[in-house]
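These are the residues of each chain, in order.
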Amino acid sequence: MDGVEAIRVETATGLSMNVLTAGPPEGPPILLLHGFPELALSWRHVIPRLAGAGFRVLAPDQRGYGGTRGGDATWAADLSAFGMPALVRDALALLHALGIPRLRAVIGHDFGSPVAAWCALTRPDVFPAVALMSAPFAGPPGFAPAAAGDVHADLLALDPPRVHYQHWFATPGANADMLSAPQGLPAFLRAYFHCKSGDWAENRPFPLTGWTAPELAKLPRYYVMDAGKGMAETAAAMAPSPEEEAACRWMSAEDLALYAAEYGHTGFQGGLNWYRRAISPEGAAELRLWAGRRIEVPACFIAGARDWGIRQVPGALEAMEGAACADWRGTTLIGGAGHWVQQEAPEETAAALLRFLGGL
């Protein structure tokens, strides 16, 4: 990546962060937050385009990922370090270490999208605009009683039995299943990236009517898995053919090798701990401090039109557009792209981001 530098930043939250940076040092700063199983590398095609427009771009490997070190990213870790308040604190500490009191915007993809949303909701003085990508933000949890029933038990009662992927990600064997995939780590990652992309013909999302087992069972197997199968086996069934792999222009063999090398070194547990905290009662409880609040700063949403991520939580897209954000600047769905929109369609993604940033 011409003009992109990797730097190491020591932060007050105990992390030694690997950060990709580009653009003029005096340019308006923007922060790019990746998701799972991504890295700062996932922004490789977008960073030069944003930097070329005059922005100072920062893309860190987040806690538990890639070249960022520090903290406990094992199964036995204190999961409070992986909750949204802690991840917002990591972003604040990074900016403090770099002497940046205020960004132009924070931009997040996949699991980085809710982190970006919580940055903007809780510290609008530092994060005065937010672009959310691929994962809609429906707002903070409230105090209303939970719906009766147990959707996970209902999924297991289906024929065939099913398991929600986040529920599976929170199990002790998830890391080993993916890290030691029978097909090999590079082939697992290739299949996982492929099946959630616009290249997989079955990705044709549509709205679901509710958070019920029959509706969730309509999601692809990478979201609602067959019980008894791990993600390695699930992804293998959706792996690209040799012809599809050769035709893929957005994930080169060199890119894939970098992902595999990083995850081969770190494993997946750091990223999986984010899910464990997010679906726990403790994770929801700490976020109720902001119940009833919404994002007040300018906000937009960008995703691939073939991304099931925009529909995996029924009603979340509509809640984000209509209630969770006070200054809504619009939704952009990029034709042909799937879940990895900034990798699959970097030119269109960068153009949408620059339109948003230009309107601030």
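Here the residue numbers are simple positions, counted from 1 along each chain's written sequence. For this predicted model, a pLDDT threshold of at least 70 governs which residues receive local features, and a threshold of 80 or more governs which side-chain atom pairs are given and counted, while totals over whole chains, interfaces and linings are taken from all residues. With hydrogens and water set aside, each side-chain value is computed from the structure's full complement of heavy atoms.

1. Observations regarding the overall build of the protein chain
- For helices the rule is a DSSP run of H or I covering at least 4 residues; for strands it is a run of E covering at least 2, with both sets numbered from the N terminus onward. When helices and strands are tallied, the protein chain shows 16 helices and 10 strands.
- For a compact globule the rule gives 2.2 Å times the number of residues to the power 0.38, and the radius of gyration it is set against comes from C-alpha atoms. Taking 360 residues into account, the globule formula puts the C-alpha radius of gyration at 21 Å, and the protein chain, at 19 Å, falls close to it.
- A principal-axis box enclosing the C-alpha atoms of the protein chain has dimensions of 60 × 50 × 40 Å.
- Contact definition: two residues touch when any of their heavy atoms are within 4.5 Å. Counting contacts in the protein chain only where the partners sit at least 6 residues apart, residues at least 24 apart contribute 79% of the total.

2. Here's the deal with the state of the cysteines
- Cysteine sulfur pairs qualify as disulfides if the two atoms are within 2.5 Å. What the rule picks out here adds up to 0 disulfides.
- Unpaired in this structure, Cys248 has its nearest cysteine sulfur neighbour in Cys195, at a distance of 13 Å.
- Classification of residues uses two cut-offs on accessible area relative to the type maximum, computed with a 1.4 Å probe and protein chains only: under 20% is buried, over 50% is exposed, and between them is partly exposed. Of the residues examined, Cys248 reaches a relative accessible area of 12% and is grouped as buried.
- Looking at Cys300, it has no disulfide partner, and the nearest cysteine sulfur is the one in Cys325, 9.5 Å off.

3. Things to note about the sheet that holds strand E9 (residues 295-304)
- By this definition, two strands are paired if DSSP reports at least two bridges between them. A sheet is described by the order of its strands in space; here 8 strands give the open sequence E1-E2-E4-E3-E5-E6-E9-E10, paired in mixed fashion. Lying at the two open borders of the sheet, with one neighbouring strand each, are strand E1 (5-10) and strand E10 (325-334). Along the sheet, successive strands turn relative to each other by an average axial angle of 25°, direction set aside.
- Sheet topology note: the strand E3 (residues 29-33)/strand E4 (residues 56-60) ladder contains 3 bridges and is parallel. Along E4, the bridge assignment pairs Pro29 with Arg56.
- Each of E3, strand E5 (105-109), strand E6 (130-133) and E9 touches helix H3 (residues 112-122); the most contacted strand, E5, lies at about 155° to it. Only the stretch in contact is used when fitting a helix axis, every axis being a line fitted to C-alpha atoms; angles between N-to-C directions are given from 0 to 180 degrees.

4. Brief notes about the packing of aromatic side chains
- A pair of aromatic rings is counted whenever rings of Phe, Tyr or Trp (Trp by its six-membered ring) have centres within 6.5 Å, and the orientation is called stacked for planes under 30 degrees apart, edge-to-face for over 60 and tilted otherwise. Per the stated rule, a full pass over the model turns up 22 aromatic pairs.
- Taking the centre distance of 5.0 Å and the plane angle of 55° together, the rings of Phe193 and Tyr259 count as tilted. Placement of the pair is Phe193 in helix H7 (residues 185-195) and Tyr259 in helix H11 (residues 253-266), with a sequence separation of 66 residues. Comparing Phe193 with Tyr259, the two get one shared label, buried.
- Ring-over charges, as used throughout, are those where CZ of Arg or NZ of Lys falls within 6 Å of the ring centre and within 35 degrees of the ring normal. The positively charged end of Lys196 is found above the aromatic ring belonging to Tyr165, 5.9 Å away from the centroid.
- Lying across the ring of Trp75, Arg276 places its NZ or CZ 3.5 Å from the centre.

5. Regarding the confidence of the model for the protein chain
- On average, the protein chain scores 97 in pLDDT, and the residues at 70 or more come to 100%.
- A residue's pLDDT is simply how confident the predictor is in it, with values from 0 to 100. Considering each helix and strand of the protein chain separately, the mean pLDDT is smallest for helix H10 (residues 242-247), with a value of 96, and largest for E3, with 99.

6. As for the pattern of salt bridges
- The term salt bridge refers to a pairing of a side-chain nitrogen on Lys or Arg with a carboxyl oxygen on Asp or Glu at a separation within 4 Å. The final tally for this structure, using the stated rule, is 12 salt bridges.
- We note a salt bridge from Arg311 to Glu318, for which the minimum N-O separation is 2.8 Å.
- By sharing partners, the salt bridges in this structure join Arg162, Arg221, Asp226 and Lys229 into a single network.

7. Topic: helix H16 (residues 346-358)
- A helix is expected to span 1.5 Å for every residue after the first. Counted at 1.5 Å a residue, the expected span for H16 with its 13 residues is 18 Å, and the 18 Å between its end C-alpha atoms agrees.
- Of the residues making up H16, those classed as buried are Pro346, Thr349, Ala350, Ala352, Leu353, Phe356 and Leu357. The arc enclosing the buried residues of H16, seen along the axis, measures out at 160°, which places them on a common side. The exposed set on the far side of H16, more than 90 degrees from its buried face, consists of Glu347, Arg355 and Gly358. To be clear, the arc concerns the directions from the helix axis to the C-beta atoms.

8. A short note on the nonpolar core
- The term nonpolar core refers to a set of buried residues drawn from Ala, Val, Leu, Ile, Met, Phe, Trp, Tyr and Cys, joined through side-chain atoms within 4.5 Å. Membership of the largest hydrophobic core comes to 89 residues, with the highest contact counts inside it found for Phe169, Phe188 and Ile295.
- Those residues in contact with Phe169 that lie beyond four places of it in its chain are Phe36, Ala174, Met178, Tyr192, Met231, Leu272, Tyr275 and Arg276.
- Listed in part, the 30 residues of the second largest apolar core include Ile47, Leu50, Phe55 and Ala352.

9. Here we look at the side chain of Ser197
- Tracing the chain through its elements places Ser197 in the loop between H7 and helix H8 (213-216).
- Throughout this description, a polar contact denotes any pair of N or O atoms lying within 3.5 Å of each other; where both atoms belong to protein, one of them has to be capable of donating a hydrogen while the other can accept it, and for residues adjacent in sequence the pair is counted only when both atoms sit in side chains. At 2.7 Å, the side chain of Ser197 and the backbone oxygen of His194 are in polar contact.

10. What about the environment of Trp118?
- Tracing the backbone through its elements, the reader meets Trp118 in helix H3.
- Between the C-alpha atom of Trp118 and that of Val4, which follows or precedes it by 114 residues, the distance is 27 Å.

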